[in-house]
Amino acid sequence: MNLRDTLRGLLVRLYARRVEGHLDHAQVPKHIGVVMDGNRRWAKAAGSTTAQGHRAGADKIEEFLGWCSETDVEVVTLWLFSTDNFDRPQEELVPLFGIIEDVVRTLAADGRWRVHHVGALDILPQGMQAALKEAEETTAKTDGIVVNVAIGYGGRQEIVDSVRSMILDAADKDTSMEELAESVSIESIGRHLYTGDQPDPDLVIRTSGEQRLSGFMLWQTAHSEYYFCEVFWPAFRKVDFLRALRDYAARHRRYGG
């Protein structure tokens, strides 16, 4: 690293400390969702392979959660793999699944996080399913940030699964279709979502400069604030995180318009 890079890094750290010093912890979001975008573009810009980009993105996760643990964040939802990602070539999917499994096992072994899967479990490879079930079981009593790992996740599919779950519950109770129709409400659908017992995200961060939802937590983010960051996910820094929190704290949230 040359002198210029060293000085730049020092200035960034000093700036981050300044931002952190002025952060109002009373205004920190309780639930943060993250669309970790830009792994492949980061790899291309760095002259690396796609797999190396995904690995670099995976390595950023624990660092990010460490930043969250320094604040009053209680829930973090990480979008690791969408249902649309199944359309990618097998030569990319196979190593990607291995990387995601490693992420899940590492989070579970850390001892600081309570891991919870959100997504359609049955469409994932058997090894992934086993890793997710084991992670949830071993961290169920962990007293730390709840880390939702969104794998095999699609916002529309979540709503479909929620409605299906409601119908199956009604069938088990011999509820008539008329009674079921009467019971449908915003609250009842919400209870059957993958995150049914959790607060909705206060803030959603999306990296890489893309400014779209892409189906991320469509139901839960009805009143969420969004923060779009130009940097690719593997290059996301603590100062970027603190800027997102500062931006969130400065907003006046309006529920319903």
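This text gives an overview of the structure that appears in the document. (Residues numbered from 1 in each chain as written. Predicted model: local features only at pLDDT ≥ 70, side-chain atom pairs only at ≥ 80, totals over all residues. Heavy atoms only, no water.)

**Some remarks on the overall build of the chain**
1) Next: Each helix and strand in the chain was counted, giving nine helices and six strands.
2) Next: Sorting the 257 residues of the chain into buried and exposed places 44% on the buried side.
3) Next: Sequence-distant contacts in the chain: of pairs separated by 6 or more residues, those separated by 24 or more amount to 76%.
4) Next: As displayed, the chain has an accessible area near 13,700 Å², and 50% of this comes from carbon and sulfur atoms. (Helix = DSSP H or I, 4+ residues; strand = E, 2+ residues; numbered from the N terminus. Buried < 20%, exposed > 50% of the residue type's maximum accessible area, 1.4 Å probe, protein only. Contact = heavy atoms within 4.5 Å. Areas by Shrake-Rupley, 256 points an atom, 1.4 Å probe, with all protein chains shown as cover.)

**Comments concerning the packing of aromatic side chains**
Two numbers describe a pair of aromatic rings. These are the distance of the centres and the angle of the planes.
1) Next: Inspection of every chain in the model, using the stated rule, returns 15 aromatic pairs.
2) Next: Pairing W233 with F236 gives two aromatic rings, centres 5.5 Å apart and planes at 25 degrees, and the pair type is stacked. The pair formed by W233 and F236 is uniform in burial state, with each residue classed as buried.
3) Next: Site record: aromatic cluster; members linked through ring pairs are F64, W67, W233, F236 and F241. (Phe/Tyr/Trp six-rings, centres within 6.5 Å; stacked < 30°, edge-to-face > 60°.)

**Re the nonpolar core**
1) Next: If you look at the biggest cluster of nonpolar residues, it comprises 46 residues, and the most contacted ones within it are I61, F64, V76, L107, I151 and F241.
2) Next: Setting aside its immediate chain neighbours within four residues, L107 contacts I61, E62, L65, W113, V115, V147 and V149.
3) Next: Counting 11 residues, the second-largest nonpolar core is a separate cluster that includes V35, A120, A150 and F216. (Core = buried A, V, L, I, M, F, W, Y, C linked by side-chain atoms within 4.5 Å.)

**Focus: the pairing of strand β4 (residues 145-153)**
1) Next: Taking burial as the measure, the nine residues of β4 include nine buried ones, the bulk of the element.
2) Next: Alignment of strand β2 (residues 75-82) against β4, held across seven bridges, turns out to be parallel. Bridge assignment links F81 to a residue of β4, and that residue is I151.
3) Next: Examined bridge by bridge, strand β3 (residues 113-118) and β4 share six bridges and lie parallel to one another. Following the sheet pairing, V115 is matched in β4 by V147.
4) Next: In this region the chain leaves β3, passes through helix α5 (residues 126-139) and returns to the parallel neighbour β4; the handedness of that crossover is left-handed. (Pairing = 2+ DSSP bridges. Right-handed = clockwise from strand over helix to strand, strands pointing away.)

**Notes on the layout of surface pockets**
1) Next: Looking at the largest pocket, its volume works out to about 550 Å³.
2) Next: Lining of the largest pocket is provided by 26 residues; of these, M36, D37, L80, N85 and R88 occupy positions nearest its centre.
3) Next: Mapped onto the lining of the largest pocket, the elements with two or more residues apiece are α2 (39-46), α3 (50-69), β2 and α4 (90-110).
4) Next: Here the lining of the largest pocket is built from residues that sort into 12 nonpolar, seven polar and seven charged. (1 Å grid on protein atoms, 1.4 Å probe; cavity = no way out; pocket = protein on both sides within 12 Å on 5 of 7 lines; lining within 4 Å. Points joined across faces, edges and corners; volume = space filled by probe spheres on them. Nonpolar A, V, L, I, M, F, W, Y, C, P; charged D, E, K, R; others polar.)

**Concerning the pattern of salt bridges**
1) Next: By the definition in use, this model includes 17 salt bridges.
2) Next: With a shortest N-O distance of 3.9 Å, E101 and R105 are connected by a salt bridge. Of this pair, E101 and R105 both sit in helix α4, four residues apart, roughly one helical turn.
3) Next: In this structure, D240 engages R237 in a salt bridge whose closest nitrogen and oxygen atoms are separated by 3.1 Å.
4) Next: The class of D240 is buried, set by a relative accessible area of 5%.
5) Next: Judged by its relative accessible area of 36%, R237 is partly exposed.
6) Next: The network of salt bridges with shared partners includes D37, R41, R206, E210 and R212. (Salt bridge = Lys/Arg side-chain N within 4 Å of Asp/Glu carboxyl O.)

**Considering the environment of L180**
1) Next: When you line up the elements, L180 lands in helix α7 (residues 177-183).
2) Next: Taking the relative accessible area as the measure of exposure, L180 reaches 10% and is therefore buried.
3) Next: Here the alpha-carbon distance between L180 and A170, two residues 10 residues apart in the chain, equals 6.7 Å.
4) Next: If we ignore the near neighbours within four places in the chain, the residues touching L180 are M166, I167, A170 and T175.

Function cannot be inferred from these measures alone, as they are strictly geometric.
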